[in-house]
Amino acid sequence: MDTAIEHVARAFYDAQDDAHSWDREPEILKEEFRRYAREAIALLRGKHADAQQDDLVEGSEALLYAVGLEGSVGAPVAA
């Protein structure tokens, strides 16, 4: 089992007002919180990938500007 998923699932569970002992909860309830954890981690990874892509595009545009080729992102390359 992925420990990151387990930690996030327990954190979600513990955040409830009426949370009891995680270890005493039925497996079906634990699986529900693990599903929430997987979805949250996937969303965060997607946001991280989007942020990295944005940084890459901004860095590429800055480089093109610096060498005098601004506005050519996506333009065909002359042979």
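To keep things clear, this report deals only with the structure shown in the data block.

Here we look at the pattern of salt bridges
When the charged atoms of two side chains with opposite charge come close together, those side chains can pair. Summed over all chains, the structure comprises seven salt bridges. Note that Glu27 and Arg34 form a salt bridge whose closest N and O atoms lie 2.5 Å from each other. Exposure remark for Glu27: the relative accessible area of 45% places this residue in the partly exposed category. Residues joined in a network through salt bridges with shared partners are Glu6, Arg10, Asp23, Glu27, Glu31, Arg34 and Arg38.

Quick look at helix H1 (residues 3-14)
An α-helix turns once every 3.6 residues. As a result, residues three or four positions apart point the same way. Spanning 12 residues, H1 covers 16 Å between terminal C-alpha atoms, matching the ideal 16 Å at 1.5 Å per step. Residues of H1 that are buried include every one of Ile5, Glu6, Ala9 and Tyr13, and no others. Mapping the buried residues of H1 onto a view down its axis gives an arc of 100°, with all of them on the same face. Residues Thr3 and His7 are exposed on H1 and point more than 90 degrees away from its buried face. Between the side-chain oxygen of the N-cap and the backbone nitrogen of Ala4 there are 3.0 Å, and the N-cap of H1 in question is Asp2.

What counts, and at which threshold
Residues numbered from 1 in each chain as written. Predicted model: local features only at pLDDT ≥ 70, side-chain atom pairs only at ≥ 80, totals over all residues. Heavy atoms only, no water. Salt bridge = Lys/Arg side-chain N within 4 Å of Asp/Glu carboxyl O. Buried < 20%, exposed > 50% of the residue type's maximum accessible area, 1.4 Å probe, protein only. Helix = DSSP H or I, 4+ residues; strand = E, 2+ residues; numbered from the N terminus. Expected span 1.5 Å × (residues − 1). Arc of directions from axis to C-beta. Polar contact = N/O pair within 3.5 Å; in protein donor to acceptor, adjacent residues only side chain to side chain.

Scope: geometric values only; no functional claims are made or implied.
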